[in-house]
Amino acid sequence: MDEREASTVVMAKNTGRSGLAVEKLRQILSEDSSIWRCSICFTCLDVCPRDAEFTEFMIALRNLAALQGIVPTVYREQGSAILETGLAFKIPESRVKMRERYGLPPLPRVDAEPVRRLLESVDFDKLIQRGEKK
Amino acid sequence: MKYLLFLGCVIPYRVQSYEISARKVLGELGIELVDMPTYNCCGFPIEAISYEARLMLAARNLCIAEEQGLDIITLCPGCAETLHHTNVELKEDEELRNTVNERLSEVGLEFKGKINVKHFARMLVEDFGVEKIKDRVVRPLEKFVVAQHTGCHIARPKKLMQFEDPENPTALKKLIEATGATCLSYEDEAQCCGGPVSGIDREIPIQLVGDKLKRVKGVGAQALITICPYCHLMYEGMQPLAERKLGEKLRIPVIHYPQLLGLAMGMSPEELALNMLKIKPTQLLEKI
Ligand code: SF4
């Protein structure tokens, strides 16, 4: 059993059931789970009559999946771009140059170094790397 | 009025028309925009996989703004919501603040909780004032008939944002009406564009875009007005795919609110980068 399987089983055990619960959790935390289809629009959170804050669960479940090495490509790409450049997209040099022609001021400086250090302080780099091994 | 402008990632990457028109119009209104001396991604794109990474990215931006002693305004509601959320969390939760500050000290920063963050449309309504905007209109767009798409994050989550009723958004409507244009109502105006999941499954926004634009067209609106770069990318960029799926033409120009306001303030379509839109609002511009 690898680390990911093990933690799923531990979680399942903590819910007091095994078998079905393990299977269900595995499904929920998988890459093709519906948790990734949530667009974080907060509509359900706002309308819930019991204040269940469902969107927060969606975010938490995805965070949990990511800790187990499940990081869909789009997040891996944006995550790597942020680690490398400080921004979620690598802005091509041509775009930066075009700004002057449009009468726009230069793009503010982006210091990638301190950004990367802050992200490393919460092991975000490892999260992205672990996602890549898959 | 003076604010620090937080640009975010997607606007300089591919929504220049929004930045060009917003800078022009806000400048013309006498609102001074100072650029962040340095910045990074707000954190929204990766909150889904790491709450902690979002916290650190947003916190760094807030610290940089604090050093400038200015409140932040953003053009993207996602940036505004993420930065505001982090600001509130860090101001209210001392334990969390201490943990985050320990990490921030490694790069010479400290969160003190001295500034606030707002989306520019909210700033216009709450701080500048709709009446003052009306005073600046020299060319009322009386023949313009449009619809609004407010987007999710300017007012959601309701408890956090404490702005308008997200189910019945009216702020953008008031801003549009200030230009002299008619803003039509349509069914389910609050429906999300699906932007944040476009990278997971493109079919979701394609479906949502077609759905909404059909209703917009159905009531007779000639354009959709947006205040979010992602919503704009969805309704404009995904529109041809939505048309194919629906098997019918929509051809609804998607216009950034500052472009609309700029027209009413007498600026030219070129100055406002209206020529950079993919679906040209040609017929609409003939009505000026
Ligand atoms: S936030 Fe809620 S309503 Fe919105 S997409 Fe996610 S689960 Fe659905």
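Residues numbered from 1 in each chain as written. Chains lettered and ligands numbered in written order. Predicted model: local features only at pLDDT ≥ 70, side-chain atom pairs only at ≥ 80, totals over all residues. Heavy atoms only, no water.

1. Some words on the overall build of chain B
When helices and strands are counted, chain B shows 15 helices and eight strands. For chain B, the C-alpha radius of gyration of 19 Å lies close to 19 Å, the compact-globule estimate for 288 residues. With respect to the principal axes defined by its C-alpha atoms, chain B has extents near 55 × 45 × 30 Å. In chain B, which comprises 288 residues, the share counted as buried stands at 62%. Taking contacts inside chain B between residues at least 6 apart in sequence as the whole, the part at least 24 apart equals 77%. When the accessible area of chain B is evaluated, it comes to approximately 10,600 Å², of which 45% is carbon and sulfur surface. Positive and negative side-chain charges of chain B, numbering 35 and 39 respectively, have mean locations separated by a distance of 6 Å. (Helix = DSSP H or I, 4+ residues; strand = E, 2+ residues; numbered from the N terminus. Rg over C-alpha atoms; globule rule 2.2 N^0.38 Å. Buried < 20%, exposed > 50% of the residue type's maximum accessible area, 1.4 Å probe, protein only. Contact = heavy atoms within 4.5 Å. Areas by Shrake-Rupley, 256 points an atom, 1.4 Å probe, with all protein chains shown as cover. Lys, Arg positive; Asp, Glu negative; His and termini not counted. Charge placed at Lys NZ, Arg CZ, Asp CG, Glu CD.)

2. Some details on the interface of chain B and chain A
Of the residues lining the interface, 52 residues belong to chain B; the matching set on chain A comes to 51 residues. Per-residue buried area on chain B facing chain A is highest for Tyr13(B), Ala48(B) and Ile49(B); these three make up 16% of the total on that side. For the interface between chain B and chain A, the tally reads six salt bridges. Across the pair Asp46(A) and Arg156(B) runs a salt bridge whose closest N-O atoms are separated by 2.9 Å. On the surface where chain B and chain A come into contact, there are 15 residue pairs in polar contact (both at pLDDT 80 or more). For the side of chain B that touches chain A, the secondary structure elements donating two or more residues are helix H1 (10-14), helix H2 (16-28), helix H3 (44-47), helix H4 (51-68), helix H6 (94-105) and helix H9 (158-161) of chain B. Among the elements that make up the side of chain B that touches chain A, the one with the highest residue count is H4(B) (six residues). When grouped by side-chain class, the residues that make up the side of chain B that touches chain A number 30 nonpolar, seven polar and 15 charged. (Buried area = accessible area lost by both parts, 1.4 Å probe. Salt bridge = Lys/Arg side-chain N within 4 Å of Asp/Glu carboxyl O. Polar contact = N/O pair within 3.5 Å; in protein donor to acceptor, adjacent residues only side chain to side chain. Nonpolar A, V, L, I, M, F, W, Y, C, P; charged D, E, K, R; others polar.)

3. Brief notes about helix H11 (residues 203-218) of chain B
Residue and element names in this part refer to chain B. Counted at 1.5 Å a residue, the expected span for H11 with its 16 residues is 22 Å, and the 22 Å between its end C-alpha atoms agrees. Taken residue by residue, H11 has Ile204, Pro205, Ile206, Leu208, Val209, Gly210, Lys212, Leu213, Arg215 and Val216 as its buried positions. Against strand S5 (145-149), strand S7 (224-226), helix H12 (229-237) and helix H13 (239-246) lie the buried residues of H11. Positioned one or two residues after H11, glycine 220 has a phi angle of 100°, which is positive. (Expected span 1.5 Å × (residues − 1).)

4. Overview of the domain arrangement of chain B
By convention, interface size is frequently given as the accessible area that disappears when the constituent parts associate. Residues and elements named next belong to chain B. What the domain assignment reports for chain B is domain 1 (2-120) and domain 2 (129-285). The straight-line distance from the C-alpha centre of domain 1 to that of domain 2 is 24 Å. Taken together, the contact between domain 1 and domain 2 spans 25 residues of the former and 27 residues of the latter. For the pair domain 1 and domain 2, the summed buried surface comes to about 2,300 Å²; carbon and sulfur atoms form 79% of the total. Where domain 1 meets domain 2, there are six residue pairs in polar contact (both at pLDDT 80 or more). Of all the elements in the fold, those that place two or more residues in the side of domain 1 that touches domain 2 are H1, H2 and helix H5 (77-92). Sort the elements by how many residues they give to the side of domain 1 that touches domain 2 and H2 lands first, with nine residues. Of the residues in the side of domain 1 that touches domain 2, the class split is 14 nonpolar, seven polar and four charged. (Domains from an automatic or database assignment.)

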